[in-house]
Amino acid sequence: MIAPVSLGTWPTPLEAAPRLAARLGLAEFWFKRDDLNGLGGGGNKIRKLQYTCAEAVAIGATTVITSGAPQSNHARLTAAAAARLGLACVLVLAGPPATKRRGNLLLDELAGAEIVWGGDSPLAEVVAIEAEKRSAYVIPFGGTSPASTQAYVDCGRELRAQVPDIDGTEVVVALGSGGTMAGLVRELGAERVVGVDVGAVPDPRATVAGLLVGEVEPGALRIDGSQVGTGYRTLTDAVRAALETTAREEGIFLDPTYTGRAMAALLAGSFPRGDKVVFLHSGGLPGLFGHPEL
């Protein structure tokens, strides 16, 4: 495996949240602050980009390309990482051109990314065409690949050093493209990690198991699907309430797509858990400003 490039500040903080612990009926509750890791507004994708961008640099690429929704955190951080490394960046975003520049989309443009709108075409097809035009290195959806799961093995090792009783603690994480959960499972074990599905992939269990290449039986993965609602891009009442509760109890802001759904599952008691929990805060604050309906 190619050694990662350095794009963030590590280890990220672990912060106790006693007011939320009391509300949830937990003995101990912490936030693992992967939203505070430095580059481009922070977020879990930075850890993965340290591995995928290292591969791009190693082969001499001058341009990287990736895809996502218009308010993609991964797209924003890919643009920031490319700027840090002196690479050109192309973002293929779903749907027609946006009428307003807000949230992550504004930050993409500030970082100098070229934006290509996918319209009704499958994003993978548009990425392939654009990558061939530019001889660009393709970073997969969500930055997730078998190699980049090592990024959250790294995070799991940080948690081992930070949490006195990690063997008696559960880690709750939003489950999108699967790499964050997969890396944590590899390091901490399937029994200790709960992924809350956000609806980003059709079969999250198969996706995570596929990234772990036979290391874990799919049935052993702890995945909660209660917060998908009517789809990845929608904002449910439960998620809106979770955003408000977290902000008003602890002064911590979550995002409406990922961490908001994970917190909504915790508040609803959607899955069995013990009395000690670490919540992986994967970032996404700029996405709030792309949701005026909040």
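Check the entry above for the structure.
Quick summary incoming for the structure in this document. (Residues numbered from 1 in each chain as written. Predicted model: local features only at pLDDT ≥ 70, side-chain atom pairs only at ≥ 80, totals over all residues. Heavy atoms only, no water.)

Some points on the nonpolar core
For clarity, the cut-off: Here, the term nonpolar core denotes a set of buried Ala, Val, Leu, Ile, Met, Phe, Trp, Tyr and Cys residues that are joined through side-chain atoms within 4.5 Å. To sort residues, take the accessible area from a 1.4 Å probe on protein chains only and compare it with the maximum for the residue type: under 20% means buried, over 50% means exposed, and anything in between is partly exposed. Where helices and strands are cited, they refer to DSSP runs of H or I of at least four residues and of E of at least two residues respectively, numbered from the N terminus. Any two residues whose heavy atoms approach within 4.5 Å are treated as being in contact.
One finds Phe29, Phe31, Val172, Met263, Leu266 and Phe279 to be the most contacted residues of the largest nonpolar core, which totals 30 residues. Broken down by secondary-structure element, the contributors of at least two residues to this core are helix 1 (18-24), strand 2 (28-33), strand 7 (170-175), strand 8 (193-197), helix 9 (237-250), helix 10 (259-268) and strand 10 (276-281). With five residues, the single largest contributor to this core is helix 10. Excluding residues within four positions of it along the chain, Val172 makes contact with Val194, Val196, Ala262, Leu266, Phe271, Val277, Val278, Phe279 and Leu280. Counting residues in hydrophobic clusters, the runner-up holds 26 residues, among them Trp30, Tyr51, Met181 and Val278.

Thoughts on the packing of helix 9 against helix 10
Cut-off, in case you're wondering: Axes here mean lines fitted to C-alpha atoms, for a helix over just the part in contact, with angles spanning 0 to 180 degrees between N-to-C directions. By the definition adopted for this analysis, an angle is roughly parallel if under 35 degrees, roughly antiparallel if over 145, roughly perpendicular if from 65 to 115, and oblique otherwise. Gly is placed with the polar residues, together with every amino acid not listed as nonpolar (Ala, Val, Leu, Ile, Met, Phe, Trp, Tyr, Cys and Pro) or charged (Asp, Glu, Lys and Arg).
Axis separation between helix 9 and helix 10 bottoms out at 8 Å; the angle between their running directions is 90°. Looking at the two axes, helix 9 sits roughly perpendicular to helix 10. Between helix 9 and helix 10, the residues in contact are Ala238, Val239, Ala242, Leu243, Thr245 and Thr246 and Gly260, Arg261, Met263, Ala264 and Leu267, respectively. For the contact of helix 9 with helix 10, the per-class residue count stands at seven nonpolar, three polar and one charged.

Considerations on the environment of Ala262
Following the sequence through the fold, Ala262 ends up in helix 10. Residue classification places Ala262 among the buried residues on the basis of a relative accessible area of 0%. In this structure the C-alpha to C-alpha distance between Ala262 and Leu175, which are 87 residues apart in sequence, comes to 8.4 Å. Excluding residues that lie within four positions of it along the chain, Ala262 makes contacts with Val172, Val173, Ala174, Val196 and Phe279.

Section: helix 7 (residues 179-188)
Most of helix 7 is tucked away: nine of the 10 residues are buried. For helix 7, the set of buried residues is Gly179, Thr180, Met181, Ala182, Gly183, Leu184, Val185, Glu187 and Leu188.

What about the pairing of strand 8?
Applicable threshold: Strand pairing is assigned whenever DSSP identifies at least 2 bridges connecting the two strands. Orient the strands so they point away from the viewer, and a crossover whose first-strand-to-second-strand path over the helix runs clockwise is right-handed.
With five of five residues buried, strand 8 is to be regarded as a mostly interior element. Of the two faces of strand 8, the one lined by Val193, Gly195 and Asp197 and the one lined by Val194 and Val196 are each fully buried. For strand 7 and strand 8, the ladder comprises five bridges, and the chain directions are parallel. Residue Ala174 lies in a different strand from strand 8, and its bridge partner there is Val196. In this view, the connection linking strand 7 to its parallel neighbour strand 8 by way of helix 7 has right-handed handedness. Direction of pairing for strand 8 relative to strand 9 (residues 222-224): parallel, over a ladder of three bridges. Looking across to strand 9, one finds that Gly195 is bridged to Ile223.

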